[in-house]
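Residues per chain, in single letters:
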Amino acid sequence: MSSTVGQIIRCKAAVAWEAGKPLVMEEVEVAPPQKMEVRLKILYTSLCHTDVYFWEAKGQNPVFPRILGHEAAGIVESVGEGVTEVAPGDHVLPVFTGECKDCAHCKSEESNMCSLLRINTDRGVMIQDGESRFSINGKPIYHFVGTSTFSEYTVVHVGCVAKINPLAPLDKVCVLSCGISTGLGATLNVAKPTKGSSVAIFGLGAVGLAAAEGARIAGASRIIGVDLNASRFELAKKFGVTEFVNPKDYSKPVQEVIAEMTDGGVDRSVECTGHIDAMISAFECVHDGWGVAVLVGVPHKEAVFKTHPMNLLNERTLKGTFFGNYKPRSDLPCVVEKYMNKELELDKFITHKLPFAEINKAFDLMLKGEGLRCIIKMED
């Protein structure tokens, strides 16, 4: 790769030219990394609901043309001025949020919401100079959440790059750069169930099943999966889910159903749908005195959370989490090691594999609700 250092790289990228239209495979020019930036060769990327949401552009400021993608793994091709943490050849995970290590959030043991590099879905340029590193015929193509991994090469801020064990298989650990870590960390880092405890998981998509995997790793004895789609229940057994509740099967609120099943409520709950009714149910289904509910799903912007104050006064705890409370650079290498030492299982999250040329098929699969994670191999 040394011959490309300091040079513009021409490579393939899947460009979203407009909302909801199939991505178009284009030759793009990728500029060299500037100060505190890293240029990566992406080897594997996967599709997350967030990519689809911003591709559809139904609820936020549309930014096009754009290169989407944020769940990925690759190798450092070159580094810009001031970068000392990674070097060419390092195996890394690019992450949609960052860790500058200098701000109050990064210096706090309790926060991972970096003031400089936290997710910004509207920004389509690099923070160093307000310019894009991607172009076609001299016209800029915008970045997405600082990663833009639907390109064979991309440029990211060094604070959004986690250096990992070079022996880790990149086609597996790429899923740790977003959804799986979000659900896993929500359970292990925030809910913190104890061995033998009961946990309810609301929503059994990839993030919810990662939350269930966290409960399995923690040694929970009862893991109750809650979902409106009964077809998800069989798959969820692989992730440690022991019981299932479909709210459509009951005339009473699901929190009452769970309270009856568990002699007053579960010890912990994790909400992964973003639907406000599920959020309220997840909180109200935990046991008084010690129950903890964790909200992971992102609600509609007009949503309002309503519950009686006595639910809090009776010693239930409500918590929120962002990216599973993992600091990207400090903590993700340790999550990769959980996989390497067989504590964390990732293969069961990967249900489809496609070549880069067929990336639009991955969008079709997600829109149909088929599978969990589709791995896209960048090289032919």
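The rules behind these values
- Residues numbered from 1 in each chain as written.
- Predicted model: local features only at pLDDT ≥ 70, side-chain atom pairs only at ≥ 80, totals over all residues.
- Heavy atoms only, no water.
- Helix = DSSP H or I, 4+ residues; strand = E, 2+ residues; numbered from the N terminus.
- Rg over C-alpha atoms; globule rule 2.2 N^0.38 Å.
- Buried < 20%, exposed > 50% of the residue type's maximum accessible area, 1.4 Å probe, protein only.
- Lys, Arg positive; Asp, Glu negative; His and termini not counted.
- Charge placed at Lys NZ, Arg CZ, Asp CG, Glu CD.
- Pairing = 2+ DSSP bridges.
- Axes fitted to C-alpha atoms, helices over the stretch in contact; angles between N-to-C directions.
- Contact = heavy atoms within 4.5 Å.
- UniProt positions renumbered as here; feature names shortened; annotations may be inferred.
- Core = buried A, V, L, I, M, F, W, Y, C linked by side-chain atoms within 4.5 Å.
- Salt bridge = Lys/Arg side-chain N within 4 Å of Asp/Glu carboxyl O.
- Polar contact = N/O pair within 3.5 Å; in protein donor to acceptor, adjacent residues only side chain to side chain.
- Expected span 1.5 Å × (residues − 1).
- Arc of directions from axis to C-beta.
- Phe/Tyr/Trp six-rings, centres within 6.5 Å; stacked < 30°, edge-to-face > 60°.
- Lys NZ or Arg CZ within 6 Å of the ring centre and 35° of its normal.

Trainee: Please explain the overall build of the protein chain as it appears in this structure.
Mentor: When its secondary structure is counted, the protein chain shows eleven helices and 17 strands. In summary, the protein chain has a C-alpha radius of gyration of 21 Å against a globular reference of 21 Å for 380 residues, a match within 12%. For the C-alpha atoms alone, the extent of the protein chain along its principal axes is close to 65 × 40 × 40 Å. The proportion of buried residues among the 380 residues of the protein chain is 55%. Across the protein chain, the mean location of the 40 positive side-chain charges is 1 Å away from that of the 46 negative side-chain charges.

Trainee: Would you explain the sheet that holds strand β13 (residues 268–271) in this entry?
Mentor: Pairing in this open sheet of six strands is parallel, and the strands run β12-β11-β10-β13-β14-β15 from one edge to the other. Edge positions in the sheet fall to β12 (243–245) and β15 (317–320), since each has one partner strand and no second. In this sheet, neighbouring strand axes are inclined to one another by 20 degrees on average, regardless of whether the strands run parallel or antiparallel. Packed onto the sheet, helix α4 (residues 179–191) meets β13, β14 (292–295) and β15 and runs at close to 145 degrees relative to β13.

Trainee: Explain the sheet that holds strand β6 (residues 134–136) to me, please; I cannot follow it from the model alone.
Mentor: Within a sheet, adjacent strands bond to each other through the backbone by hydrogen bonds, running parallel or antiparallel. The antiparallel open sheet is built from four strands, whose spatial order is β1-β2-β6-β7. The outermost strands of the open sheet, each flanked by one partner alone, are β1 (9–15) and β7 (139–141). Across this sheet, the average inter-strand angle for adjacent strands is 50 degrees, counted without regard to direction.

Trainee: Is there a simple way to think about the UniProt feature "domain: Alcohol dehydrogenase-like C-terminal" (unreviewed entry) in the protein chain in this case?
Mentor: Following the UniProt record, the feature "domain: Alcohol dehydrogenase-like C-terminal" (unreviewed entry) maps to residues 206–337 here. End C-alpha atoms of residues 206–337 are separated by 20 Å, and the span's content is 37% helix alongside 15% strand.

Trainee: Would you take a moment to explain the nonpolar core for this structure?
Mentor: Among soluble globular proteins, nonpolar side chains are generally buried collectively. Residues Val28, Leu93, Phe150, Val173, Leu176 and Leu346 are the most contacted members of the largest nonpolar core, which totals 100 residues. The greatest single-element share of this core, amounting to six residues, is contributed by helix α5 (residues 206–218). Leaving out residues up to four positions away in the same chain, leucine 346 has contacts with Lys172, Val173, Val175, Leu176, Ile180 and Tyr339. Judged by nonpolar contacts, the second largest core, of 15 residues, contains Ala200, Phe202, Cys285 and Val286.

Trainee: For this particular structure, what's the right way to read the side chain of arginine 66?
Mentor: Examined against the element boundaries, arginine 66 turns out to sit in the loop between α1 (49–56) and β4 (71–79). An unpaired buried charge is present at arginine 66: no salt bridge exists, and aspartate 122, the closest side chain of opposite charge, is 6.3 Å distant. A distance of 2.7 Å separates a polar atom in the side chain of arginine 66 from the backbone oxygen of threonine 121. Among the polar contacts made by the side chain of arginine 66, one reaches the main-chain carbonyl oxygen of histidine 143 at a distance of 2.8 Å. Sequence-distant contacts of arginine 66, defined by excluding residues within four places in its chain, comprise Ala14, Val15, Ala16, Phe54, Thr121, Asp122, Arg123, Ile141, Tyr142, His143 and Phe144.

Trainee: Where do I start with helix α10 (residues 328–340) in this structure?
Mentor: Note on helix geometry: an α-helix contains 3.6 residues per turn, so any two residues three or four positions apart are oriented the same way. Look at α10: 18 Å from first C-alpha to last across 13 residues, which is about the 18 Å you get at 1.5 Å a residue. Restricting attention to buried positions, one finds in α10 the residues Pro328, Arg329, Leu332, Pro333, Val335, Val336 and Tyr339. Considered in projection along α10, the buried side chains sweep an arc of 160 degrees and stay on one side of the axis. Those residues of α10 that are buried are in contact with β5 (91–94), β9 (161–163), α3 (170–173) and α4. Just downstream of α10 lies lysine 342, where phi reads positive at about 70 degrees.

Trainee: Looking at this structure, I do not really get the pattern of salt bridges. What am I missing?
Mentor: It is possible for side chains of opposite charge to pair when their charged atoms get near one another. With the rule as written, the count across this model stands at 21 salt bridges. Here lysine 237 makes a salt bridge to glutamate 234, at a shortest N to O gap of 3.2 Å. Classification of lysine 237 as partly exposed rests on a relative accessible area of 47%. With a closest N to O distance of 2.7 Å, glutamate 345 and lysine 348 form a salt bridge. Here lysine 348 falls in the buried class, since its relative accessible area comes to 13%. A network of salt bridges, in which partner residues are shared, links Glu213, Arg216, Glu345 and Lys348.

Trainee: Before we go on, may I ask you to explain the packing of aromatic side chains in this structure?
Mentor: Between two aromatic rings, the relevant description is the distance of the centres plus the angle of the planes. Summed over the entire model, instances satisfying the criterion amount to ten aromatic pairs. Where tyrosine 53 meets phenylalanine 54, the ring centres are 5.2 Å apart and the plane angle is 80 degrees; that geometry is what we call edge-to-face. Between phenylalanine 233 and phenylalanine 244 the ring centres are 4.6 Å apart and the planes differ by 20 degrees, which places this aromatic pair in the stacked class. Highlighted residues: phenylalanine 233 in helix α6 (residues 233–236) and phenylalanine 244 in strand β12, separated in sequence by eleven residues. Owing to a relative accessible area of 23%, phenylalanine 244 belongs among the partly exposed residues under this scheme. Against the face of phenylalanine 239 rests lysine 348, its NZ or CZ located 4.9 Å from the ring centre.

Trainee: It is not clear to me how α1 should be interpreted in this structure. Could you clarify?
Mentor: All of the buried residues along α1 are Asp51, Val52, Phe54 and Trp55. The elements touched by buried residues of α1 are β3 (37–46) and α11 (359–367). Positive phi shows up at alanine 57, right after α1, with a value of about 55 degrees.

Trainee: Looking at this structure, how should I read unusual backbone geometry?
Mentor: One can expect most non-glycine residues to show negative phi and most peptide bonds to be in trans. Residue proline 65 is reached from phenylalanine 64 by a cis peptide bond, and omega for that bond is -10 degrees. Along the chain, proline 65 turns up in the loop between α1 and β4. The phi torsion at serine 148 lies on the positive side, around 50 degrees, for a residue other than glycine. Relative to the helices and strands, serine 148 resides in the loop between β7 and β8 (153–157). For asparagine 325, which is not a glycine, the phi torsion comes out positive at approximately 60 degrees. Within the secondary structure, asparagine 325 is located in the loop between β15 and α10.

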